[in-house]
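Each chain, written out:
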Amino acid sequence: MPAPEITPGAPCWIDLMTSDITRARQFYGELFGWEYETGDEEKYGGYTTARKNGKTVAGLMQKDADQAGMPDVWSTYLRSDDAAATAAAVTANGGQVFMEPMDVPEQGHMAIFGDATGAAIGVWQPREMRGYELVAEPGAAAWHELHAKDYDGAVAFYQKVFGWETDVMSDTPEFRYTTLGAGDSAKAGIMDASGYLPAEVPSNWQIYFSVEDADASIEKAVALGATLVDGPDDSSFGRLATLADPTGAMFKIVAEN
């Protein structure tokens, strides 16, 4: 199948910052069937690209000494046609620049921001590396979701900074949810997390990976050293679960009904 069409402002890439890249490669390789290619150490710092069936799905990076105190984490990147202009828009709309736009030789420009709710979000301005080539297939990212303590502020931020055309999926006191795009063409979601995120946990982006069988994937992940954090639960979107990989990085899985 052709690579997904990625429009400006939509998720285009994911990567894992890990304290043990050898263990991470083994874990996700066995769980999702990934194969790896490691970039030039001098040019790309040993950044590792994961592929499924020959198509790019994610990146993995070993944390350096400066990042040792930070938790291992998966990050979502949104596409930008001008990372510097996006940085200016982020600060103008109540966000922060965690990492200034930097050139990745031949590949593109990347940056890490904090949105107006405090959640970290990456930006990718593509050149040769256009983004992931496989989505919503087993072993690839299926959905990206912001759990926001300030739901209204989050929706406004992504509308203004990234030009999101949003659709309100639900607006009840129990469940407030807005998507980028509508229906089957939706590409990401924002959930009101004010009622359940603890005070010490900031707003955060979470990534769902598609799997063929949620229960079998949970059993395999746990056998490989993961921890089941929540679920599995059935929903109108499929059977869902939240896991932490062997070094604590959180991710979700979804098996379609």
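Residue positions are given per chain, counted from 1 along the sequence in the order it is written. Residue-level local features of this predicted model are given only where pLDDT is at least 70; pairs of side-chain atoms are given and counted only at 80 or more, and the full residue set underlies all totals for whole chains, interfaces and linings. Computation of side-chain values: all heavy atoms of the structure, hydrogens and water removed.

Novice: Describe the packing of helix 3 (residues 83-92) against helix 4 (residues 151-162), naming the residues involved and giving the relevant values.
Specialist: Interaxial angle, 0 to 180 degrees, is taken between N-to-C directions of lines fitted to C-alpha atoms, where a helix line uses only the stretch in contact. Counting from the N terminus, the helices are DSSP H or I runs at least four residues long and the strands are E runs at least two residues long. With their axes 9 Å apart at the nearest point, helix 3 and helix 4 run at an angle of 145° to one another. Handedness of the crossing formed by helix 3 with helix 4: right-handed. Facing helix 3, whose interface residues are T86, A89 and V90, helix 4 presents F157, V161 and F162. Gly falls in the polar group here, along with every residue not listed as nonpolar (Ala, Val, Leu, Ile, Met, Phe, Trp, Tyr, Cys, Pro) or charged (Asp, Glu, Lys, Arg). Among the residues forming the contact of helix 3 with helix 4, the class breakdown is 5 nonpolar, 1 polar and no charged. Handedness of a helix crossing follows the sense of rotation of the near helix relative to the far helix, less than a right angle counterclockwise being left-handed and clockwise being right-handed. In this description, contact between two residues means that some pair of their heavy atoms is separated by no more than 4.5 Å.

Novice: Break down the nonpolar core for me, citing the residues and quoting the values.
Specialist: In this structure, W34, W74, Y158 and F251 are the most contacted members of the largest nonpolar core, which totals 65 residues. When residues of this core are assigned to their parent elements, the largest contribution, 7 residues, is made by helix 4. For F251, the contacting residues outside a window of four places in its chain are F27, Y28, L31, F32, W74, I207, F209, A241, T242, L243, A244 and D245. By nonpolar core we mean a set of buried residues, namely Ala, Val, Leu, Ile, Met, Phe, Trp, Tyr and Cys, connected to one another through side-chain atoms within 4.5 Å. When a residue's accessible area, from a 1.4 Å probe over protein chains only, is under 20% of the maximum for its type it is buried; when over 50% it is exposed; and in between it is partly exposed. W143, M191, Y208 and V254 belong to the second-largest nonpolar core, a separate cluster that totals 6 residues.

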